[in-house]
Structure formats: C-alpha cells, structure tokens
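A look at the structure
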Amino acid sequence: MSVMVARKKVVRKWEKLPGRNTFCCDGRIMMARQKGIFYLTLFLILGTCALFFAFECRYLAVQLSPAIPVFAAVLFLFAMATLLRTSFSDPGVIPRALPDEAAFIEMEIEATNGTVPQGQRPPPRIKNFQINNQIVKLKYCYTCKIFRPPRASHCSICDNCVERFDHHCPWVGNCVGKRNYRYFYLFILSLSLLTIYIFTFNIVYVALKEEKLEFLGTITGGLCLLSGCSKSLTVLTVLEVLICFFTLWSVVGLTGFHTFLVALNQTTNEDIKGSWTGKNRVQNPYSHGNIVKNCCEVLCGPLPPSVLDRRGILQQEESTAQDGSCSRGPGTQEPLATQGPGQAQEAHCVLSPQVPAPPVSDTEMPEEKQRTPGELPAPSLDAGRAEH
C-alpha cells in the first residue's frame, strides 16, 4: 500500500532575501559580501592595542599612573563594541515589492502617465511629497520596484534600498543608514580618541625610556651599549607611533566631517549630491535650525525596528510517496516518526478510507445455502464431529 508523506521544511526569510548580503548566526548578523577591508580594520585596531597593552602600559602604569591602562581599555572596548554593532546590524534595508505589489504600482504609473507613444521616452517616475512646507521628490527604484522613501537611496554594492542612506563604508563592511549611523559616528569618535591617546603616551614612553637610559649610561659609562638596547626596545613603539600618525589624520578628519553633518542633520549622500546647496539653493527640510536639536535627533532619537524580519519562518511543503501499511481505521492519521519539540520536519500518514462490503441477501446466496422460512439451519459437519 502506498502512503503519501507530507513534510514541512522550515526556511528562514533571510535565506530568500535578495541583494548581495551575507548572514551569520541564523540571520542575526547581516553584512556585505565584501569583508576584506573590515578584517583589515580589526587587525589594525587589535594589533596596535595589543602592542600598547603589552609594552607601554605596564611601564607607564608603574612610572606615572595605573589609570592609564584602565582608561585605554575603556576606549578600546567601546570602540570595538560600536564597530561590531555597526558592522553586524541591519542599516535600514527596505524590502522589495512583492509581485502583486509591483504589478499594482505599475498600473498606478500607467494610469497616471497614460500610454506613451512608441519611440518616445517615458516620463520619469517621480512622486512629490511635502515635508515642512517643502516639496521633496520620491524616486522610483527599478530594482526594488518601489518608490523610495525620503532620504533613501539604492546601494550599488549591497544591491538594496537603504533608509536614510549615508554611504557604504568598506572599513566596517556594511552600509551606513538610519539604523546604524549613530553607532558608526560613535565608533569613529571613540577610535579618534583612542588613536590620540595611544599616540600621545607612546611619545611619553619613548621620552621616559631615553631619559632613563641616558642617566644609567652616564653612571655606568656604557652609553653606546645602552643606546643599542634602547633602539631594540623601542622598535615596536616606533611602529605603533607610525600607525597612529597615519591613522590620526584620516580618522580625526572623518570624525570632524561627520560632526559637521550631524550638526546640520545632513547625510554624506546629500552633501556629495549637493541636495541642499549649490544651484538649487533649497533649504534642508529636515534641519531644525538648531545644532543641539539636530544632534539629539540623529544620535539620541528613537531607533526604528528592522522591517526585514530576517528570522521569520517560511514553510515549504514537500510530498513524497512511501510503501507501508497502516492498521488504523478510516480517516485516521498516524505520524511515521515521533519528533521532539522544535524539530523542523513533520510527517503524516494519509490513509484511504475503507469501503464497507454490501450485505448479501438470501436470494443471492448459493442454492445449497438457501432455506425456507421457518427452517432451522442444518448443523455443520464440524459441529457434529465436535459433539462426538
């Protein structure tokens, strides 16, 4: 007897999401596919701080103050936490339109623009939206099949529309948008302070070490030998100073630029395109006209939840045929295997109902089995043998 087995395979939504992203930890971590520069960022931060804690901090804690390594550790942990939060979170990706939604939007556009004669270019797909008594244009995304919200843009690297898109940062391995911009800003700010801190105390370490070695060399008369020891001891320190020196200008400059953008409530994408400056001379409708209010909105405002629902469940049913027999009655179902809670597959046995046999009348019985009314049934031979 053939049995139909229906299996329900649980699939998470992040496995079917379009775009060029990678997911880890069952969809909890979301990053871009290009992560090579992000690993370089981790290597530079971890390597520089490891050398600083291994050599300079121990000496400076004894000679100057034990608070020096403590404050450095706080800056290091804060910078790493904000970096990982920026890199592993959803920047504000907008889901693409479903086929039914895309078809409905196409019908709306055709109804608004009318039929376009062949050979003519269709008009741009734009909607006007008013914000603070100012008209803002909503552009249509041909990839996501949606009208992008204000300040949203399509990232060509991740192939997603991102809400309040700022830029794609390869150093953090992710887009920077509405949901992770504050963590990105706190990361570059804390990294600037950490770089200045390590750079300053590296110079102090070298100065103290040279002064001590010169003093000992004067007493012992072996200045040349001690100078050679000093050079061997400060090679790694000089390497740290060089890394911090070249990192200092870029990170501090980037922090200053984003501080300027936060004060104006403006994004990097808007600044590059000149959306609120240049020939248009259009005022920024998102600015409150106050630096404190702009900073509070960007850095302290409510953080919207992710609209992707990456860990949502999509169930796909698969039917397979198996050979077997079931002893249940009609219409009953019996699972083929017992499963514990939380398992991803379920199996059900589907049985065909049993058809009862029709009753057989006396007229349809064979001649030797028919009897007249009132006639008693003749005892069988087996019964007689049993009596004897």
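Cut-offs applied
- Residues numbered from 1 in each chain as written.
- Predicted model: local features only at pLDDT ≥ 70, side-chain atom pairs only at ≥ 80, totals over all residues.
- Heavy atoms only, no water.
- Axes fitted to C-alpha atoms, helices over the stretch in contact; angles between N-to-C directions.
- Helix = DSSP H or I, 4+ residues; strand = E, 2+ residues; numbered from the N terminus.
- Parallel < 35°, antiparallel > 145°, perpendicular 65-115°, else oblique.
- Left-handed = near helix turned anticlockwise from the far one by under 90°.
- Contact = heavy atoms within 4.5 Å.
- Nonpolar A, V, L, I, M, F, W, Y, C, P; charged D, E, K, R; others polar.
- Patch = residues over 30% accessible without salt bridge, like charges linked within 9 Å, V, L, I, M, F, W, Y side chains within 5 Å.
- Areas by Shrake-Rupley, 256 points an atom, 1.4 Å probe, with all protein chains shown as cover.
- Salt bridge = Lys/Arg side-chain N within 4 Å of Asp/Glu carboxyl O.
- pLDDT = per-residue confidence, 0-100.
- UniProt positions renumbered as here; feature names shortened; annotations may be inferred.
- Pairing = 2+ DSSP bridges.

1. Details of the packing of helix α1 (residues 36-63) against helix α6 (residues 235-264)
Look at α1 against α6: their axes get within 10 Å of each other, and the N-to-C directions meet at 140°. On the basis of the axis angle, α1 is oblique to α6. When the axes of α1 and α6 are compared, the crossing they make is left-handed. Along its contact with α1, which presents Thr48, Leu51, Phe52, Phe55 and Glu56, the element α6 presents Leu236, Thr237, Glu240, Ile243 and Cys244. Across the contact of α1 with α6, the residue classes break down as six nonpolar, two polar and two charged.

2. Digging into a nonpolar patch on the surface
Taken together, the side chains of Ile37, Leu40, Phe43, Leu44 and Trp171 define a hydrophobic patch exposed on the protein surface, amounting to about 490 Å² of accessible area. Counting through the fold element by element, Leu44 comes out in helix α1.

3. A look at the confidence of the model for the protein
Per-residue confidence for the protein averages 76 on the pLDDT scale, and 69% of its residues sit at or above 70. No element of the protein has a lower mean pLDDT than strand β13 (residues 349-350), which averages 41, and none a higher one than helix α2 (residues 67-88), which averages 95. Within the model, pLDDT remains below 50 along residues 218-230, and this stretch shows nine contacts once partners closer than five positions in the same chain are excluded. Residue range residues 324-358 is modelled with pLDDT below 50. Its contacts to residues more than four positions away, or to other chains, number 43 contacts.

4. Focus on the UniProt feature "transmembrane region" (unreviewed entry) in the protein
Under the feature "transmembrane region" (unreviewed entry), the UniProt entry names residues 37-55, 67-84, 183-208 and 235-264. The span residues 67-84 carries 100% helix and 0% strand; its end-to-end C-alpha distance comes to 26 Å. Here residues 183-208 runs as 100% helix and 0% strand, with 37 Å between its end C-alpha atoms.

5. Digging into the sheet that holds strand β7 (residues 146-147)
Working definition: the strands of a sheet are paired by backbone hydrogen bonds and lie parallel or antiparallel to each other. Here we have three strands laid out as an open sheet, ordered β5-β6-β7, and antiparallel in their pairing. Edge positions in the sheet fall to β5 (126-131) and β7, since each has one partner strand and no second. Taken together, the two bridges between strand β6 (residues 134-141) and β7 define a ladder with antiparallel strand orientation. Directly across from Cys141, in β7, lies its bridge partner Ile146.

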